[in-house]
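What follows is each chain in one-letter form.
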Amino acid sequence: MSADRPHILLVDDDTAITGALGPFLERSGFDVETAGDGVEALAAVERRTPDLVVCDVLMPHMDGREFVRRVRERSLWLPIILLTQIGEASERSAALDEGADDYLNKPFDPRELVSRIRAVLRRSAQGQAPLTAAGRLNAHDLVVDRGARRVWLGDTELVLTPKAMTLLEYFMLHADEVHTRERLLATLWGFDFASSSRAVDHRIAELRRVLGDDAASPRFIETVQSLGYRFVAKVSAA
């Protein structure tokens, strides 16, 4: 194994998935180890801490969410991407709350997974708690208290609707990534985007208005033409 290739632990009880996805990730520049469930994955992590784990949620013996809980209980802050079933918004939300760094709906394009892996690796430092574990997030003079659901810009406390607050928190936890309206709706609203795509635009407009952010020269939220939105400010744990 090459020392400069990130070591990925791929966890899924479906051997057809690991058998096809493992070689694809290898060809994409990663060293890949596989495990069939959460129990095997924990043993693999104890043998050698990977740079990132890609883990299915629904598995026998120990599912993906329990695996995340066990890893975080050991104060291991290695990045974890969970693979979830389409439409299970509550499962995705719970997984992120429990310490997963990102999720991807099944079925998925393997190229999308590679993109997510690289994005998570860019914003993660092995051995350090990820932003998902931080109680407060900071970007420029913006501070978000995740537990209290309160936001300040400089010395001024801001008032946001619950959806706008959730959207801002999600953006800050996934800074410098492009998010389509479809993904934001599936993640935060949990329903079909076809009849509700403007819901994201309304919340973006609200955030920009409250933050005093200029769409033409954004400090926080950038519109990516024909794709979606990106949070461009650097985010750290406050």
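Heads up: the structure comes first, above all this text.
The structure displayed is predicted, hence computed values, not measured ones.

(A) Molecular detail of the overall build of the protein chain. When its secondary structure is counted, the protein chain shows eight helices and 13 strands. Residues counted as buried form 48% of the 238 residues belonging to the protein chain. Taking all contacts inside the protein chain whose residues are at least 6 apart in sequence as the whole, residues at least 24 apart take part in 58%.

(B) Seen up close, the pairing of strand 12 (residues 228-231). Strand direction decides the pairing type here: strand 10 (residues 178-179) and strand 12, joined by two bridges, are antiparallel. The residue of strand 12 that forms the bridge with His 179 is Tyr 229. Note: strand 11 (residues 221-224) against strand 12, four bridges, orientation antiparallel. For Thr 223, the partnering residue across the bridge sits in strand 12 and is Tyr 229. Following strand 11, the chain reverses through three residues before pairing antiparallel with strand 12; Ser 226 in that reversal takes a positive phi of roughly 70°.

(C) Quick peek at the nonpolar core. One finds Leu 142, Leu 168, Phe 171, Met 172, Phe 220 and Phe 231 to be the most contacted residues of the largest nonpolar core, which totals 33 residues. Of all elements in the fold, only strand 6 (136-139), strand 7 (142-145), strand 8 (150-153), helix 6 (162-173), helix 7 (181-189), helix 8 (198-211) and strand 12 reach the threshold of two or more residues within this core. Per-element accounting of this core gives the leading share, eight residues, to helix 6. Contacts of Leu 168, omitting those with residues within four sequence positions, involve Leu 142, Val 144, Val 151, Leu 160, Leu 207 and Phe 231. Leu 9, Ala 44, Met 59 and Ile 80 belong to the second-largest nonpolar core, a separate cluster that totals 19 residues.

(D) Spotlight on the pattern of salt bridges. What the rule picks out here adds up to 20 salt bridges. Note that Glu 66 is salt-bridged to Arg 69, the shortest N-O span being 2.7 Å. Of this pair, Glu 66 and Arg 69 both sit in helix 3 (residues 64-73), three residues apart, which is roughly one turn of the helix. For Asp 109, the salt bridge identified is with Arg 111, shortest N-O distance 2.8 Å. For Asp 109, a relative accessible area of 32% gives the class partly exposed.

(E) Highlighting empty space enclosed by the protein. Evaluation of the coordinates by the stated rule reveals one cavity of 30 Å³ or more. Roughly 60 Å³ of internal volume is contained in the largest cavity. If you trace the largest cavity, you find it lined by Asp 101, Arg 123, Ser 124, Pro 130, Leu 131, Thr 132 and Leu 173. When the residues that make up the lining of the largest cavity are grouped by side-chain class, the tally is three nonpolar, two polar and two charged.

(F) Representation of helix 5 (residues 110-122) in the model. Given a rise of 1.5 Å per residue, 13 residues ought to cover 18 Å, and the 19 Å separating the end C-alpha atoms of helix 5 matches this to within 8%. Here helix 5 has its buried residues at Leu 113, Val 114, Arg 116, Ile 117, Ala 119 and Val 120. Next to the buried residues of helix 5 lie strand 1 (7-11), helix 1 (15-27), strand 3 (52-56), strand 4 (80-85), strand 5 (102-106) and helix 7.

The rules behind each value
- Residues numbered from 1 in each chain as written.
- Predicted model: local features only at pLDDT ≥ 70, side-chain atom pairs only at ≥ 80, totals over all residues.
- Heavy atoms only, no water.
- Helix = DSSP H or I, 4+ residues; strand = E, 2+ residues; numbered from the N terminus.
- Buried < 20%, exposed > 50% of the residue type's maximum accessible area, 1.4 Å probe, protein only.
- Contact = heavy atoms within 4.5 Å.
- Pairing = 2+ DSSP bridges.
- Core = buried A, V, L, I, M, F, W, Y, C linked by side-chain atoms within 4.5 Å.
- Salt bridge = Lys/Arg side-chain N within 4 Å of Asp/Glu carboxyl O.
- 1 Å grid on protein atoms, 1.4 Å probe; cavity = no way out; pocket = protein on both sides within 12 Å on 5 of 7 lines; lining within 4 Å.
- Points joined across faces, edges and corners; volume = space filled by probe spheres on them.
- Nonpolar A, V, L, I, M, F, W, Y, C, P; charged D, E, K, R; others polar.
- Expected span 1.5 Å × (residues − 1).

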